[in-house]
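Reading the structure
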Amino acid sequence: MKRLQHLCAALCFLLLGSAATAQAGTLKTVKDRGILNCGVPDNVRGFATVDENGKWTGFSVDFCRAISVAIFGDPAKKVNFVPVAVSDRFTALDSRKIDVLSSNATWTLSRESQNRIAFTGTNYFDEQGFLAPKSRKLKSPLELSGSKVCLETGTTSEANFAEWAADRQIAFEAFRAPLLKDLIKAYEEGRCDVLTSDISQLYAERLALAKPGDHEVLSYTISQEPISPAVRQDDPQWFQIVRWVSFAMIDAEALQLSQLNIDAARQSRKQDLRRFVGAEGDMGKQLGLGPEWAFNIVKHVGNYEETLERNLGEKSELGIKRSLNRLVKDGGILFAPPIR
């Protein structure tokens, strides 16, 4: 009986030890390595691109940097940006090639359950739309019967359009390709009449056309596409860190904290600002981070509005209106839980 009790105790110890290791695993691994391996889209304007000097820019890129400075507190700590194709982005996460996936992937139930990943929370509300030549004078995709439609295989866009067309008995001819660049080439060569994808992606790819002004993104949309970072399911602490990095950027905008005034917030007497910058409370400690984790995000990367506008918004080359991605108080649907 005593031997059985000792065995049970040993097994419980091992199980608890394994759980603790899993929970602390990714953060410790990243700290020991001294660099964050962050998966980003493979050359998608607005989300992740790299210039001839090796400088990375984009909305997904900025989120990677935000995670890094939240952990290290040092903007000089580099992030290893890992471009991942649509077909293997979840595999890269599951195989631990990357620590976090910061891409333009849509959050769905099957993706989360079948790939052993966890989406940490929507940080961009996208929609699926259509890119078409202005010469076609399309007012609505309901006029697409008999048209050739470009579809990227393995994406929610492919499945969404097939369901949408079937429900409305719209017959179409599909031109499918696994890479978006091949679809853009086919579209420009006239091998398909329209291209359907996320609105943000359509704005980005329109810029790559020889005559962008000859093409338009239709205002009609057929689905909502919640874009979210993702992590593995085996590390609750890491999930919380990535999720609260996103929340902190949104909260910063709601609190009117930006790169311009974040230093001055340290002298504020307002409790919500003092908690945010780490002047009081132990918010960072609860995540396994330093007291100034949120302060560092805003100082070195920016709040949500700043990152959105310079990469995807009306002030960027894409020129996309904020629409749903405005704060609730401004007529959008964006808000985050408070840091308290």
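Residues numbered from 1 in each chain as written. Predicted model: local features only at pLDDT ≥ 70, side-chain atom pairs only at ≥ 80, totals over all residues. Heavy atoms only, no water.

Things to note about the state of the cysteines
- Applying the stated criterion to the full structure yields 2 disulfides.
- Bridging Cys38 to Cys64, the disulfide has an S-S length of 2.0 Å. The S-S bond linking Cys38 to Cys64 shows a torsion near -75°; that makes this disulfide left-handed. On the criterion of sequence distance, the pair formed by Cys38 in strand β1 (residues 36-41) and Cys64 in helix α2 (residues 59-72) is long-range, its members being 26 residues apart.
- Given the relative accessible area of 0%, Cys64 is considered buried. (Disulfide = S-S within 2.5 Å. Helix = DSSP H or I, 4+ residues; strand = E, 2+ residues; numbered from the N terminus. Buried < 20%, exposed > 50% of the residue type's maximum accessible area, 1.4 Å probe, protein only.)

A short note on the layout of surface pockets
- Here the largest pocket defines a volume of roughly 570 Å³.
- In terms of lining residues, the largest pocket is bounded by 28 residues, among which Asp42, Val44, Glu152, Leu180 and Gln201 are the most central.
- Contributions of two or more residues to the lining of the largest pocket are made by α5 (156-167), α6 (180-188), β10 (194-198) and α7 (199-206).
- In terms of residue count, α7 provides more of the lining of the largest pocket than any other element does, 3 residues in total.
- A breakdown of the residues in the lining of the largest pocket according to their chemical character gives 10 nonpolar, 10 polar and 8 charged.
- Quantified by volume, the second largest pocket comes out at close to 290 Å³.
- Contributing to the lining of the second largest pocket are 16 residues, with Glu127, Ile199, Ile320, Lys321 and Ser323 lying nearest its centre.
- Of all the secondary-structure elements, those providing two or more residues to the lining of the second largest pocket are β7 (124-133) and α7.
- Ranked by residue count, the leading element in the lining of the second largest pocket is β7, at 4 residues.
- Of the residues in the lining of the second largest pocket, the class split is 8 nonpolar, 4 polar and 4 charged. (1 Å grid on protein atoms, 1.4 Å probe; cavity = no way out; pocket = protein on both sides within 12 Å on 5 of 7 lines; lining within 4 Å. Points joined across faces, edges and corners; volume = space filled by probe spheres on them. Nonpolar A, V, L, I, M, F, W, Y, C, P; charged D, E, K, R; others polar.)

Focus on the packing of aromatic side chains
- Per the stated rule, a full pass over the model turns up 13 aromatic pairs.
- Judged by centre distance (6.0 Å) and plane angle (85°), the ring pair of Phe59 and Tyr304 falls under edge-to-face. With Phe59 in helix α2 and Tyr304 in helix α12 (residues 304-311), the pair connects residues that are 245 residues apart, well separated along the chain. As far as burial versus exposure is concerned, Phe59 and Tyr304 are alike and both buried.
- Ring geometry for Phe90 and Phe119: centres 6.3 Å apart, planes at 85°, overall edge-to-face. (Phe/Tyr/Trp six-rings, centres within 6.5 Å; stacked < 30°, edge-to-face > 60°.)

Concerning unusual backbone geometry
- Its identity as a non-glycine residue notwithstanding, Gln256 has a phi of 60°, on the positive side.
- Relative to the elements of secondary structure, Gln256 occurs in the loop between α8 (236-254) and α9 (271-277).
- Here the phi dihedral of Ser323 falls at roughly 50°; this positive angle occurs in a residue that is not glycine.
- As for its placement among the helices and strands, Ser323 is situated in the segment after α12.

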